[in-house]
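Notes for the structure review
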Amino acid sequence: VQLQAFGGGLVQAGGSLRLSCAASGTIFSINTMGWYRQVPGKQRELVASITSGGSTNYADSMKGRFTISRDNGKNTVYLQMNSVRPEDTAVYYCYANWRSDNFRSWGHGTLVTVSS
């Protein structure tokens, strides 16, 4: 499974941004997809995840501001980021678990910069 992420960039605090991540390859075996983020010098942290059935999970600090969704027909996962804050500045990585969640593929990171 290969992943390609799109949508990072510069946004003002309080604004919105949408990230997308398209999967290709052995896509029929994909189960959970999601996003992590990483700030230099810190560990990568989970942002949100979504199963193939649509069940979602969010980190507490993202609840109510970020929304994860997926289009199984397009093999794409989205992250709608609203009311962004400077502390949301990070490199965002999408991932996909496949073959019963026994394998994980990562996309390249996409940088999100929130200006105050």
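In this report, we go over the structure that sits alongside the text. (Residues numbered from 1 in each chain as written. Predicted model: local features only at pLDDT ≥ 70, side-chain atom pairs only at ≥ 80, totals over all residues. Heavy atoms only, no water.)

Describing the nonpolar core
How we decide: Nonpolar cores were defined as sets of buried Ala, Val, Leu, Ile, Met, Phe, Trp, Tyr and Cys residues, with membership established by side-chain atoms within 4.5 Å. Each residue is assigned to one of three classes by its accessible area relative to the maximum for its type, calculated with a 1.4 Å probe on protein chains only: buried under 20%, partly exposed between the two thresholds, exposed over 50%. Counting from the N terminus, the helices are the DSSP runs of H or I reaching at least four residues and the strands are the DSSP runs of E reaching at least two. The contact criterion used is simple: two residues touch if any of their non-hydrogen atoms lie within 4.5 Å.
Counting 30 residues, the largest nonpolar core has W35, L79 and Y92 as the members making the most contacts within it. Here this core gets five residues from one element, more than from any other, and that element is strand β9 (residues 90–98). When near neighbours in sequence (up to four residues on either side) are disregarded, Y92 contacts L19, W35, Y36, R37, V47, F66, L79, M81, H108, G109, T110 and V112.

Observations concerning the sheet that holds strand β7 (residues 66–71)
Quick reminder of the rule: For two strands to be treated as a pair, DSSP must find no fewer than two bridges joining them. Every angle, taken between N-to-C directions, lies between 0 and 180 degrees, and every axis is a line fitted to C-alpha atoms, over only the stretch in contact when it is a helix.
The antiparallel open sheet is built from four strands, whose spatial order is β1-β3-β8-β7. Looking at the sheet topology across the chains shown, the edges are occupied by β1 (2–6) and β7. Ignoring which end each strand starts from, the neighbouring axes of this sheet average 15° apart. As paired strands, β7 and strand β8 (residues 76–81) are joined by six bridges and run antiparallel to one another. What sits directly across from F66, in β8, is M81.

Some thoughts on the state of the cysteines
Condition: By disulfide we mean two sulfur atoms from cysteines, separated by a distance within 2.5 Å.
All chains considered together, the criterion is met by one disulfide. Put simply, C21 and C94 are joined by a disulfide, and their sulfur atoms are 2.1 Å apart. Disulfide C21-C94: torsion about the S-S bond near 55°, hence right-handed. Of this pair, C21 sits in strand β3 (residues 17–24) while C94 sits in strand β9, and the two are 73 residues apart along the sequence. Considered together, C21 and C94 belong to a single accessibility category, that of buried residues.

Some thoughts on unusual backbone geometry
Backbone geometry at N75 places phi at a positive 55°, although glycine is not the residue there. Locating N75 in the fold gives a position in the loop between β7 and β8. With a phi close to 60°, S100 is a non-glycine residue in the positive phi region. Here S100 is to be found in the loop between β9 and β10 (103–106).

Brief notes about the packing of aromatic side chains
What counts, and what does not: To pair, rings of Phe, Tyr and Trp, with the six-membered ring standing in for Trp, must have centres within 6.5 Å; the planes then decide the type, stacked if under 30 degrees apart, edge-to-face if over 60, and tilted in the middle. In this analysis the charged atom, NZ for Lys or CZ for Arg, is taken to sit over a ring once it is within 6 Å of the ring centre and within 35 degrees of the ring normal.
Following the criterion strictly, the structure yields four aromatic pairs and no others. Between W98 and F103 the ring centres are 5.0 Å apart and the planes differ by 25°, which places this aromatic pair in the stacked class. For F103, a relative accessible area of 41% corresponds to the partly exposed category. Linked through ring pairs, Y36, Y95 and W106 together constitute an aromatic cluster. The aromatic ring of W106 is capped on one face by R44, whose charged end is 4.6 Å from the ring centroid.

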